[in-house]
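Results of the structural survey
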Amino acid sequence: MPSFNIREGGALPRRDFKADTVQLFLYNAAIWNPHRIHYDLSYTQEHEGHPQLLIDGPLQGDWLTQMVEEWLDGEGELTAFRYSNRQAAYIGEVLIAEGRVTSCDGMVAELSLCLTKQDGITTTVAVANVRFT
Amino acid sequence: MNLLTDELRALIGTELAPFEFEVTRNDIKKYAVATGQRQRRYLEGDEAPLLFLFSAMMPVIPLSELLPDGRQPDSSLIPELPLKRIMAGGSDYQIYRRAYAGDVLVCTQKLTDLYEKQGGSGPLIFMVFENRFETSVGEPVVTEYLTRIAR
């Protein structure tokens, strides 16, 4: 069992994420994503109708896995992870990552996670299954 | 509502030829920095974060073949549907083992399901793709079920 206390309903430490243009550029270069909505503001506003550059959905999924792995702190691993993006998230917005333990049975647990804007709108939800080591 | 014809349903099970890619330390390090990663094993490039595998799915094609919005053309696994606007619907990963720098992985992509639903603002067609990542000797690493929605 991990050295930290696991209980149903227990919260994971919150982490705030805020992508700027440099991070968004580097992320899309790293994954080889040339979609203009992540770096071409005038295209994004004039052709796609968004107010700002969009934060990639998979980047938000990655952020939620980071939250889980920081909580595990080397004392467990992800065995399954599912996420879906519900609302657009824009550059400069602070996304608050929160999670809690929804079930715990011996060496395994299920976690419910979300990213929420400061105005309360949830952009991404996820469920992670972990196994403690 | 019956948008999915027998011809479309017959495409379920269609698979692309597998492709191989190497998980390199340098690529992991770049990805880790770009995602704001704080775990040393990723920042040093020893291990690949789960969603690093998404980058393997991005085709590297000439600039002249990119679409006006910058994107690569859609995968040939996406069928010609009567609904044209395609949205992301989420991913579901089963993780069998970690991916490490130096791993050579084989990815196989398959259309595993097509179904329709009535949404709040009209009909929706759901496409489910299986992206299977294995080692070159067939050891499972990660299987992703990726849903895309046409409306």
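Model, not experiment: these values are computed from the prediction. (Residues numbered from 1 in each chain as written. Chains lettered and ligands numbered in written order. Predicted model: local features only at pLDDT ≥ 70, side-chain atom pairs only at ≥ 80, totals over all residues.)

The next subject is the overall build of chain A. The helix and strand tally for chain A stands at three helices and five strands. Across its three principal axes, chain A shows a C-alpha extent of roughly 55 × 30 × 20 Å. Taking all contacts inside chain A whose residues are at least 6 apart in sequence as the whole, residues at least 24 apart take part in 64%. (Helix = DSSP H or I, 4+ residues; strand = E, 2+ residues; numbered from the N terminus. Contact = placed C-beta atoms within 7 Å.)

Time to look at the overall build of chain B. Summing up its helical and strand segments, chain B has four helices and seven strands in all. Helices and strands in chain B line up, N terminus first, as α-β-α-α-β-α-β-β-β-β-β. Taken along the three principal axes of its C-alpha coordinates, chain B extends 50 × 35 × 30 Å. Taken across its 151 residues, chain B has 23% of its residues classed as buried. (Buried ≥ 20, exposed ≤ 12 C-beta atoms within 10 Å, placed from the backbone.)

Turning our attention to the interface of chain B and chain A. At the interface, 28 residues of chain B touch 28 residues of chain A. Of all elements in the fold, only α2 (25-34), α4 (53-56) and β3 (86-95) of chain B reach the threshold of two or more residues within the side of chain B that touches chain A. Sorting elements by how many residues they give to the side of chain B that touches chain A places β3 of chain B first, with eight residues. Residue composition of the side of chain B that touches chain A, by class: 13 nonpolar, 10 polar and five charged. Across four bridges, strand β2 (residues 76-85) of chain A lies against β3 of chain B in antiparallel orientation. From the neighbouring strand, Phe-81 of chain A faces β3 of chain B, where its bridge partner is Tyr-93 of chain B. (Nonpolar A, V, L, I, M, F, W, Y, C, P; charged D, E, K, R; others polar. Pairing = 2+ DSSP bridges.)

Once that is clear, we can look at the nonpolar core. By size, the foremost hydrophobic cluster in this structure holds 51 residues, and its most contacted members are Leu-64, Met-67, Val-68 and Ala-97 of chain A together with Leu-50 and Leu-53 of chain B. Apart from the residues lying within four places of it in its own chain, the contact partners of Val-68 of chain A are Leu-78, Gly-99, Leu-111, Ala-128 and Val-130 of chain A. (Core = buried A, V, L, I, M, F, W, Y, C linked by C-beta atoms within 7 Å.)

So, on to the UniProt feature "domain: FAS1-like dehydratase" (unreviewed entry) in chain B. Here the UniProt feature "domain: FAS1-like dehydratase" (unreviewed entry) sits at residues 10-143 of chain B. Regarding residues 10-143 of chain B, the helix share stands at 13% and the strand share at 39%, and the terminal C-alpha atoms are separated by 23 Å. (UniProt positions renumbered as here; feature names shortened; annotations may be inferred.)

Now for the pairing of strand β3 (residues 95-105) of chain A. Residue and element names in this part refer to chain A. One ladder, built from three bridges, connects strand β1 (residues 15-17) with β3; its direction is antiparallel. Bridged to Phe-17 within β3 is Leu-95. Taken together, the 10 bridges between β3 and strand β4 (residues 108-117) define a ladder with antiparallel strand orientation. By the bridge assignment for β4, Ala-97 is matched with Leu-115. Hairpin connection from β3 to β4: two residues lie between these consecutive antiparallel strands, with Gly-106 at a positive phi of about 65°.

All right, on to the sheet that holds strand β5 (residues 104-119) of chain B then. Overall, antiparallel pairing links the 10 strands, which are arranged β1(A)-β3(A)-β4(A)-β5(A)-β2(A)-β3(B)-β7(B)-β6(B)-β5(B)-β1(B) in an open sheet. Looking at strand neighbours, the two that pair on one side only are β1 of chain A together with β1 (19-22) of chain B, the edges of this open sheet. Averaged over all neighbouring strand pairs, the angle between strand axes comes to 25°, with direction disregarded. Note that β4 of chain A and strand β5 (residues 122-132) of chain A share nine bridges and pair antiparallel. Counterpart to Cys-114 of chain A in the pairing with β5 of chain A is Val-125 of chain A. Set on the sheet, helix α3 (residues 57-72) of chain A makes contact with β1, β2, β3, β4 and β5 of chain A together with β3 of chain B; between it and β5 of chain A the angle comes to about 40°. (Axes fitted to C-alpha atoms, helices over the stretch in contact; angles between N-to-C directions.)

As a further point, take the confidence of the model for chain B. Mean pLDDT over chain B works out to 94, with 99% of the residues at or above the 70 mark. The ipTM for the predicted assembly is 0.96, set against a pTM of 0.94. (pLDDT = per-residue confidence, 0-100.)

Moving on to unusual backbone geometry. Residue and element names in this part refer to chain A. Of note, the phi angle at Trp-32 is positive, near 60°, even though the residue is not glycine. Following the sequence through the fold, Trp-32 ends up in the loop between α1 (21-30) and α2 (41-48). Unlike most non-glycine residues, Asp-73 shows phi in positive territory, near 50°. Structurally, Asp-73 is set in the loop between α3 and β2.

Within α1 of chain A, the full set of buried residues consists of Leu-24, Tyr-27, Asn-28 and Ala-30 of chain A. Seen along its axis, α1 of chain A keeps its buried residues to an arc of 160°; they face one direction. Where α1 of chain A is buried, its residues touch α3 of chain A together with α2 and α4 of chain B. Downstream of α1 of chain A by one or two residues, Trp-32 of chain A has phi in the positive range, about 60°. (Arc of directions from axis to C-beta.)

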